[in-house]
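Given next are the chains, with one letter for each unit.
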Amino acid sequence: MATERYNPRDAESRWQKAWDEAKLFETDNDDPREKYYVLEMFPYPSGRIHMGHVRNYAMGDVVARTKRARGFNVLHPMGWDAFGMPAENAAMQNKVHPKDWTYQNIAVMKRQLKSMGLSLDWSREFATCDVDYYHRQQMLFVDFLDKGLVYRKQSKVNWDPEDMTVLANEQVIDGRGWRSGALVEQRDLVQWFFKITDFSEDLLASLDELPGWPEKVRLMQRNWIGKSEGLMLRWEVAGDAPVGEIEVYTTRPDTLFGASFLAIAADHPLAKSLAENNAELAAFADKCRQMGTSVAAVETAEKIGFDTGVRVRHPFDPDWLLPVHVANFVLMDYGTGAIFGCPAHDQRDFDFATKYALPIVTVVAPEAQGASWSVGDKAYDGDGVMVNSRFLDGMTPQAAFNDVAARLEQINLGNQPQGERKTQFRLRDWGISRQRYWGCPIPVIHCEDCGVVPVPKKDLPVKLPDDIEFDRPGNPLDRHPTWRHVNCPECGKAARRETDTMDTFVDSSWYYARFTAPWMNEPTDRKAADAWLPVDQYIGGIEHAILHLLYSRFFARAMSATGHLGVSEPFKGLFTQGMVVHETYRNASGWVVPSDVLIEGEGETRRAKLMSDGSPIEIGSIEKMSKSKKNTIDPDDIIASYGADTARWFMLSDSPPERDVIWTEAGVEGAHRFVQRIWRLIGEAADGLKSASAATGADGEAGVIRKAAHKTLKAVGEDIDKLSFNKAVARIYELVNMLNPALTAIASGKSDTATAAAAKEASGILIQLIAPMMPHLAEECWTVLGHQGMVADADWPKF
RNA sequence: GCGGACGUGGCGGAAUUGGUAGACGCAAGGGACUUAAAAUUCCUCGAUCCUUGAUCGUACGGGUUCGAUUCCCGUCGUCCGCACCA
């Protein structure tokens with residue numbers, strides 16, 4: 001029988017409707033089966049989905065559907081990371097309200113996601129800009145405040161002059177705003193902070209207990225948290241000075257006898273105090289402050305210093321005086337803003353000492369060199385043996401470290417020990433205040449008499465006002481005529497509402513917990529959250545390796561501390577998928593979109609020209625799909641012409657999921673050919689397969705088919721468990737190639753009964769194996785083969 | 001500079017624990033079917049040579065081993081992260 005070509009447009013919408021009506025993917029919290037929580041990073045509603053989303057959600061859907069078939073109670077929700085700057089930019093540019101813009105985008109993108117045929121529980125959907133959601137976020141904030149996990153302080157902040165808002169350290173990349181790309185300035189502002197540093201040690205140590213995370217991500221977080229073991233060391237100032245001592249942090253107390261100077265930051269209290277009466281020093285400090293923090297600026301900036309004239313006494317020798325310099329390379333926000341320089345064993349100190357003719361004393365000699373060795377034209381930072389170090393001579397640096405620490409803990413300066421072991425972290429508290437409208441309002445009120453008063457829970461939510469003007473940059477909440485005027489909840493006197501909103505990373509730091517019971521009045525249903533969490537498999541881009549994933553880990557801990565959760569690690573398994581990349585095209589007038597380009601020839605003779613007039617086009621490098629390079633492919637177009645199954649299959653084929661996948665027209669067509677091939681093979685053999693008997697035995701051709709099918713079933717299951725979708729795809733191709741002759745024979749009535757029985761079993765397995773990847777095609781084949789019910793609802797085959 | 005990952009045909013990539021290198025897909029070439037095209041289908045497809053076969057071949061140079069894409073040492077290259085962090 002001739003089979004018509006498979007028509008995805010008809011079949012896909014039909015099955016999507018059928019799944020919806022059967023409420024197949026709506027998850028019950030009371031289901032007694034073992035749970036499995038699979039989550040893909042929820043999208044920002046920028047307007048339309050892109051191929052990166054297609055790849056991300058195709059992968060997650062394979063996991064979700066496979067686990068469901070294997071009998072797990074699967075939670076697979078979707079929502080919207082909906083607060084953020086683009087909505088305000090759109091408001092300013094297009095005179096559209098951020099709320100309308102956001103919800104319109106959500107509607108469009110939801111329709112697009114639905115057209116992909118994902119097994120999502122849409123009944124749990126929310127957007128972080130829903131009042132229902134940010135209401136609970138404000139409740140969390142108040143609880144955190146109560147527990148001392150939130151505080152306010154004046155601090156130097158990263159100010160993005162283009163977006164006119166504050167950025168967290170994590171959001172400054174190479175000295176530029178992560179969104180605007182503008183050079184970040186330093187400003188002093190009073191800001192709200194989450195005490196993520198309370199958990200520094202735990203956030204670091206627990207990384208070892210996350211075997212389901214990529215080593216790369218754990219390493220990046222380790223480096224970011226940046227633990228170092230060292231010594232706080234107090235140096236007595238000799239003679240007259242504004243301070244009596246200078247505190248220094250060092251990880252190399254073993255090199256104390258190689259010290260030749262102290263260097264302090266331009267913003268160090270001593271430097272500031274001295275600058276008041278020293279115009280030359282003040283000018284120098286200004287110069288330091290003006291220097292950029294960008295990579296280029298740091299690399300090219302010369303190490304410069306200014307001798308303050310202040311002298312300090314060496315901790316082990318009161319007659320040994322060392323000069324104190326202000327130096328541009330010392331940072332106020334790490335350690336104490338002061339260091340001691342040991343030129344022989346630190347390259348930066350070496351350069352500085354050379355420039356200002358300070359002594360360079362070798363105190364560590366490599367084992368092989370002997371005690372008379374000394375450093376040449378560069379610092380030595382390796383291991384060895386202590387020399388020129390009085391009582392430390394002959395020790396290893398490690399032993400010397402311990403000896404110096406032990407001695408200085410016993411010596412008092414004033415009434416405190418002169419030295420103290422100290423663990424230092426690079427991680428800073430998370431500044432969350434943003435001077436923006438489209439974010440979650442920080443629920444506090446400033447009262448002249450009572451100070452900072454949290455909004456009582458009964459008065460929550462603090463809703464964003466809808467009547468708002470976007471005629472100028474800056475925070476519109478500040479300019480609203482009435483919104484910020486409230487009475488103090490404590491004394492009733494006229495007071496001022498906080499007009500800063502929260503960093504949008506706060507919104508995405510706990511959404512995974514909210515999904516477990518989004519209908520609750522409290523932020524979580526403790527029982528449901530504890531039952532569902534941690535997320536078993538979380539899938540998203542590597543670009544969130546630090547920011548989002550670290551903040552989420554902090555939030556799980558903070559929510560545990562405030563009783564909202566019982567787990568501290570939100571994501572048990574993490575997978576970071578690669579990007580979708582595409583060739584770029586350009587001509588004299590700039591980038592050209594792929595749909596306007598005609599490609600001819602191949603290899604050396606491969607040329608591109610403009611579709612409309614045939615003018616030549618330069619084929620550029622392969623880059624991440626982006627609007628700026630115009631090398632994007634719209635998922636809508638692909639789904640319209642090939643169907644969602646083709647798009648999904650292509651995304652899962654060939655490239656290992658953690659690597660970038662190159663989008664090519666030929667690749668998509670290849671995927672589509674396979675869709676049609678399955679349909680044709682199954683369709684033409686359907687009658688013969690339906691009438692075949694159940695397979696038994698393992699002899700002859702039938703046995704070969706049965707063995708191959710069972711082997712594939714096992715291997716594909718294992719590949720999916722390891723998220724090796726490309727390998728699973730290859731094995732399915734192999735099975736189909738293998739099955740091809742038998743199915744063709746059945747279609748033409750030339751098959752024996754044993755082979756037909758084996759092919760019937762193998763075809764059933766094949767359809768179930770492709771079901772998680774190409775669910776619509778699988779349903780269509782399932783029906784044609786005469787099965788009752790939907791393959792999406794069928795148990796994973798056993799053998 | 002520090003840390004990490006990687007390097008296999010024309011391309012994307014396979015190869016379970018050290019055991020037939022190149023599965024599977026894409027591209028290409030040739031044949032069948034067709035008036036033709038599309039679709040489909042069959043064959044070929046790492047290199048070299050004296051081509052029924054042999055030799056070489058997983059960035060390069062060594063090593064361990066009966067046997068190395070896999071393990072070890074070194075070199076080169078690519079990519080990623082961090083970075084005046086005391």
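Residues numbered from 1 in each chain as written. Chains lettered and ligands numbered in written order. Predicted model: local features only at pLDDT ≥ 70, side-chain atom pairs only at ≥ 80, totals over all residues. Heavy atoms only, no water.

Caption draft 1: Summary view of the overall build of chain A. Counting secondary structure elements, chain A contains 24 helices and 33 strands. Along the longest, intermediate and shortest principal axes, the C-alpha atoms of chain A span 105 × 75 × 65 Å. When burial is assessed residue by residue, chain A has 55% of its 799 residues classed as buried. The long-range share in chain A, meaning contacts at least 24 apart out of those at least 6 apart in sequence, stands at 73%. Counting every atom, chain A has about 34,500 Å² of accessible surface; 50% of that belongs to carbon and sulfur. Averaged over its 90 positive side-chain charges, chain A has a centre that lies 3 Å from the centre of its 112 negative ones. (Helix = DSSP H or I, 4+ residues; strand = E, 2+ residues; numbered from the N terminus. Buried < 20%, exposed > 50% of the residue type's maximum accessible area, 1.4 Å probe, protein only. Contact = heavy atoms within 4.5 Å. Areas by Shrake-Rupley, 256 points an atom, 1.4 Å probe, with all protein chains shown as cover. Lys, Arg positive; Asp, Glu negative; His and termini not counted. Charge placed at Lys NZ, Arg CZ, Asp CG, Glu CD.)

Caption draft 2: How the structure looks around the packing of aromatic side chains. By the definition in use, this model includes 44 aromatic pairs. Judged by centre distance (5.2 Å) and plane angle (55°), the ring pair of Phe 144 and Phe 555 falls under tilted. Residue Phe 144 is located in helix H5 (residues 131–146), and its partner Phe 555 is located in helix H17 (residues 547–561); the two are separated by 411 residues in the primary sequence. There is no split in this pair, since Phe 144 and Phe 555 are both buried. (Phe/Tyr/Trp six-rings, centres within 6.5 Å; stacked < 30°, edge-to-face > 60°.)

Caption draft 3: Main features of the environment of Ile 445. Here Ile 445 shows up in strand E21 (residues 444–447). The spatial distance from the C-alpha of Ile 445 to the C-alpha of Arg 484 is 8.9 Å, given a sequence separation of 39 residues. Ignoring any residue separated from it by four or fewer positions in sequence, one finds Ile 445 in contact with Gly 451, Val 452, Val 453, Val 455, Val 486, Asn 487, Cys 488, Pro 489, Ala 495, Arg 496 and Arg 497.

Caption draft 4: Spatial organisation of the packing of helix H20 (residues 665–691) against helix H24 (residues 775–784). Two elements in contact, H20 and H24, have axes whose closest approach is 9 Å; the angle formed by their N-to-C orientations is 15°. When the axes of H20 and H24 are compared, the pair comes out roughly parallel. Crossing hand, H20 versus H24: right-handed. Across from Val 675, Ile 678, Trp 679, Ile 682, Gly 683, Ala 686 and Lys 690 in H20, the residues of H24 making contact are Leu 777, Glu 780, Cys 781 and Val 784. (Axes fitted to C-alpha atoms, helices over the stretch in contact; angles between N-to-C directions. Parallel < 35°, antiparallel > 145°, perpendicular 65-115°, else oblique. Left-handed = near helix turned anticlockwise from the far one by under 90°.)

Caption draft 5: Fine view of the packing of helix H7 (residues 215–225) against H17. With their axes 10 Å apart at the nearest point, H7 and H17 run at an angle of 75° to one another. The pairing of H7 with H17 is recorded here as roughly perpendicular in orientation. Across the interface between the two elements, Val 217, Gln 221, Trp 224 and Ile 225 of H7 pack against Leu 549, Leu 550 and Arg 553 of H17.

Caption draft 6: Highlighting the environment of Thr 128. Assignment of secondary structure puts Thr 128 in the loop between helix H4 (98–114) and H5. The class of Thr 128 is buried, set by a relative accessible area of 0%. Expressed as a C-alpha distance, the spacing of Thr 128 and Asn 402, which sit 274 residues apart in the sequence, is 51 Å. Those residues in contact with Thr 128 that lie beyond four places of it in its chain are Phe 42, Trp 80, Asp 81, Ala 82, Phe 83, Tyr 133, Tyr 134 and Asp 507. Polar contacts involving the side chain of Thr 128 include one to the main-chain amide nitrogen of Ala 82, which spans 2.8 Å. (Polar contact = N/O pair within 3.5 Å; in protein donor to acceptor, adjacent residues only side chain to side chain.)

Caption draft 7: Molecular detail of unusual backbone geometry. Of the consecutive residues Leu 460 and Pro 461, the connecting peptide bond is found in the cis state with omega at 0°. One can find Pro 461 in the loop between strand E22 (451–454) and helix H13 (476–479). Looking along the chain, the bond that leaves Leu 533 and enters Pro 534 is cis, with omega of 0°. Residue position: Pro 534 is located in the loop between helix H16 (526–532) and strand E26 (537–541).

Caption draft 8: Here's a closer look at the pattern of salt bridges. Inspection of the entire model under this criterion finds 42 salt bridges. A salt bridge links Asp 198 to Lys 195; the shortest N-O distance between them is 3.6 Å. For Asp 198, a relative accessible area of 45% translates into the label partly exposed. One salt bridge connects Lys 227 with Glu 229, and the closest N-O pair in it is separated by 3.8 Å. (Salt bridge = Lys/Arg side-chain N within 4 Å of Asp/Glu carboxyl O.)

Caption draft 9: Here's a closer look at the nonpolar core. Residues Trp 430, Tyr 512 and Phe 555 are the most contacted members of the largest nonpolar core, which totals 183 residues. In this view, Tyr 512 contacts Tyr 37, Leu 39, Leu 533, Val 535, Ser 552, Phe 555, Ala 556, Pro 570 and Phe 571; residues no more than four positions away in its chain are not counted. Within the second largest apolar cluster, 44 residues are counted, among which are Ala 266, Val 375, Tyr 380 and Leu 392. (Core = buried A, V, L, I, M, F, W, Y, C linked by side-chain atoms within 4.5 Å.)

Caption draft 10: Representation of the side chain of Ser 763 in the model. With respect to the secondary-structure elements, Ser 763 resides in helix H23 (residues 753–770). Only 2.6 Å separates the side chain of Ser 763 from the backbone oxygen of Ala 759, close enough to count as a polar contact. Contact partners of Ser 763, with chain neighbours within four places excluded, come to Ile 682, Leu 689, Leu 739, Leu 743 and Leu 785.

Caption draft 11: View of empty space enclosed by the protein. Using the criterion set out here, one finds one cavity of 30 Å³ or more in the structure. Space inside the largest cavity adds up to approximately 110 Å³. Lining of the largest cavity is provided by Arg 65, Arg 68, Ala 69, Gln 768, Ala 771, Pro 772, Val 791, Ala 792, Ala 794 and Trp 796. Counting residues per element, the lining of the largest cavity draws most heavily on helix H2 (residues 51–69), which supplies three residues. Here the lining of the largest cavity is composed, by residue class, of seven nonpolar, one polar and two charged. (1 Å grid on protein atoms, 1.4 Å probe; cavity = no way out; pocket = protein on both sides within 12 Å on 5 of 7 lines; lining within 4 Å. Points joined across faces, edges and corners; volume = space filled by probe spheres on them. Nonpolar A, V, L, I, M, F, W, Y, C, P; charged D, E, K, R; others polar.)

Caption draft 12: Representation of the sheet that holds strand E2 (residues 73–75) in the model. If you walk across this open sheet you meet the four strands as E2-E1-E26-E27, and the pairing is parallel. Across the chains shown, the open sheet's two edge strands, defined by having one partner strand only, are E2 and strand E27 (574–577). Between one strand axis and the next, the sheet turns by 20° as a mean value, whatever way the strands run. Relative to E2, strand E1 (residues 35–40) runs parallel, the two sharing three bridges. When the sheet's bridge partners are listed, Tyr 37 is paired in E2 with Leu 75. Strands E1, E2, E26 and E27 of the sheet are contacted by H2, whose axis makes an angle of about 175° with E1. (Pairing = 2+ DSSP bridges.)

Caption draft 13: Examining the sheet that holds strand E19 (residues 430–431) more closely. Pairing within the open sheet is antiparallel, and its four strands lie in the order E4-E3-E7-E19. Pairing within the sheet leaves two strands with one partner each, and these edge strands are strand E4 (165–167) and E19. Bridging between strand E7 (residues 185–194) and E19 involves two bridges; their strand directions are antiparallel. Note that in E19 the partner of Phe 193 across the bridge is Gly 431. Lying over the sheet, H5 contacts strand E3 (150–160) and E7, oriented at roughly 90° with respect to E7.

Caption draft 14: Representation of H7. Within the sequence span of H7, burial applies to Val 217, Arg 218, Gln 221, Trp 224 and Ile 225. Taken around the axis of H7, the buried residues stretch over an arc of 125°, which confines them to a single face. For H7, exposure combined with an orientation more than 90 degrees from the buried face picks out Lys 216 and Asn 223. The secondary structure elements touched by the buried residues of H7 are helix H6 (200–205), strand E8 (227–238), strand E18 (419–425), H17 and E27. Immediately downstream of H7, the backbone of Gly 226 shows phi near 55°, a positive value. (Arc of directions from axis to C-beta.)

Caption draft 15: Quick look at the pairing of strand E31 (residues 607–610). Where burial is concerned, the two faces of E31 differ: the one with Ala 608 and Leu 610 is buried and the one with Arg 607 and Lys 609 is not. In this structure, strand E30 (residues 597–600) lies alongside E31, joined through four bridges in antiparallel fashion. Residue Leu 598 lies in a different strand from E31, and its bridge partner there is Lys 609. Across two bridges, the pairing between E31 and strand E32 (residues 616–624) is antiparallel. Paired with Lys 609 across the two strands is Pro 616, which belongs to E32.

Caption draft 16: Quick peek at the environment of Thr 396. Take Thr 396: it is sitting in the loop between strand E15 (385–386) and helix H12 (397–410). For the pair formed by Thr 396 and Gly 384, sequence separation is 12 residues and the distance between their alpha carbons is 6.2 Å. Non-local contacts of Thr 396, meaning those with residues more than four positions away in its chain, are made with Gly 384 and Met 386. Separated by 3.1 Å, the side chain of Thr 396 and the backbone nitrogen of Ala 399 make a polar contact.

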